[in-house]
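# Summary of the model geometry
Next come the chains, spelled out residue by residue.
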Amino acid sequence: MGDVVFDNKGQLEQIQSGLLEGEQIIAVYDAIGAGTGFIGLTNRRVIIQDKSFVGKRVAITSIPYSKVSSVSVVSNKSWAGQFFSTGTIAITVGTHVYEVEFRGTDKTHHVHNIILHYAAG
């Protein structure tokens, strides 16, 4: 496995501190927009930090790939067909949809492809 891709060393360390035996980090991307702090991808699960709780509380949600029923890339496309500088990933787990917005559509597509690879396996 290659080097871990990450935006923020503190977020990477937070994911590293909670790894399971034999679990490897693939990528940790900083998220933008209300609520979400970051998304981490390992060879076993998706980890989302959610800052939207009342009273400055933060949730770290782990989603095993086997529980992901769909993953979507949600992009803003201008009338001329050019993508804007952000992209969103939508991960459906049961009846809940987790949305994570990133700076740059390249991160969005990378996250989508990793989740699809492990969820379809």
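Counting from 1, residues in each chain are numbered in the order their sequence is written. Local features in this predicted model are restricted to residues whose pLDDT is 70 or higher, and side-chain atom pairs enter the listing and the counts only when it is 80 or higher, whereas totals over whole chains, interfaces and linings include all residues. Heavy atoms throughout the structure, all of them, feed into the side-chain values; hydrogens and water do not.

## A look at the overall build of the protein
Rule in force here: Secondary structure elements follow DSSP: runs of H or I no shorter than four residues count as helices, runs of E no shorter than two count as strands, and numbering proceeds from the N terminus. Partly exposed describes any residue whose relative accessible area lies between the buried limit of under 20% and the exposed limit of over 50%, with all areas from a 1.4 Å probe on protein chains only and scaled to the type maximum. Residue contacts are counted whenever heavy atoms from the two residues lie within 4.5 Å of one another.
In terms of helices and strands, the protein carries 2 helices and 8 strands. Mapped from its N terminus to its C terminus, the protein presents α and β elements in the order β-α-β-β-β-β-β-β-β-α. Going through the 121 residues of the protein one by one, you find that 38% of them count as buried. Considering only contacts in the protein between residues 6 or more positions apart, those separated by 24 or more positions represent 32%.

## Side note on the environment of Gly-104
Mapped onto the elements of the fold, Gly-104 is located in the loop between β8 (96-103) and α2 (105-120). Overall, Gly-104 belongs to the buried group, its relative accessible area being 17%. When the C-alpha atoms of Gly-104 and Thr-86 are compared, they prove to be 4.7 Å apart, with 18 residues separating the residues in sequence. Other than its neighbours up to four places away in sequence, Gly-104 contacts Ser-85, Thr-86 and Gly-87.

## Notes on the pairing of strand β4 (residues 45-50)
Successive side chains on a regular strand alternate, one facing one side of the sheet and the next facing the other. Under the convention used in this document: Each pair of strands is called paired provided DSSP finds at least two bridges between the two strands.
Most of β4 is tucked away, with 5 of its 6 residues classed as buried. The sheet contact formed by β4 and strand β5 (residues 59-64) spans 6 bridges and is antiparallel. Bridge pairing links Ile-48 to Thr-61 in β5.

## A short note on the side chain of Thr-88
Structurally, the position occupied by Thr-88 is in strand β7 (residues 83-93). A relative accessible area of 13% places Thr-88 in the buried class. The contact partners of Thr-88, leaving out residues within four places of it in the chain, are Ser-72, Val-73, Val-74, Glu-99, Val-100, Glu-101 and Thr-108.

## A word on the packing of aromatic side chains
Defined as follows: Centres within 6.5 Å make a pair out of two Phe, Tyr or Trp rings, where for Trp the six-membered ring is used; the pair is then stacked when the planes are under 30 degrees apart, edge-to-face when over 60, and tilted otherwise.
With the rule as written, the count across this model stands at 2 aromatic pairs. Aromatic pair Tyr-29 and Phe-102: ring centres 6.1 Å apart, planes at 75 degrees, arrangement edge-to-face. Of this pair, Tyr-29 sits in strand β2 (residues 25-30) while Phe-102 is found in strand β8, placing the two residues 73 residues apart along the sequence. Taking relative accessible area as the criterion, Tyr-29 reaches 6% and is therefore assigned buried. The class of Phe-102 is buried, set by a relative accessible area of 0%. Ring geometry for Tyr-65 versus Tyr-118: centroids 5.0 Å apart, planes at 20 degrees, classification stacked. Here Tyr-65, found in the loop between β5 and β6 (68-77), pairs with Tyr-118, found in helix α2; they are 53 residues apart in sequence, far enough to count as distant. Residue classification places Tyr-65 among the buried positions, given a relative accessible area of 4%.

## Some words on the confidence of the model for the protein
Spelled out, the test is: A score from 0 to 100, pLDDT tells how confident the predictor is in each residue.
Scored by pLDDT, the protein has a mean of 87; 85% of the residues are at 70 or more. Across the protein, the element-wise mean pLDDT spans from 83 in β7 up to 96 in β2.

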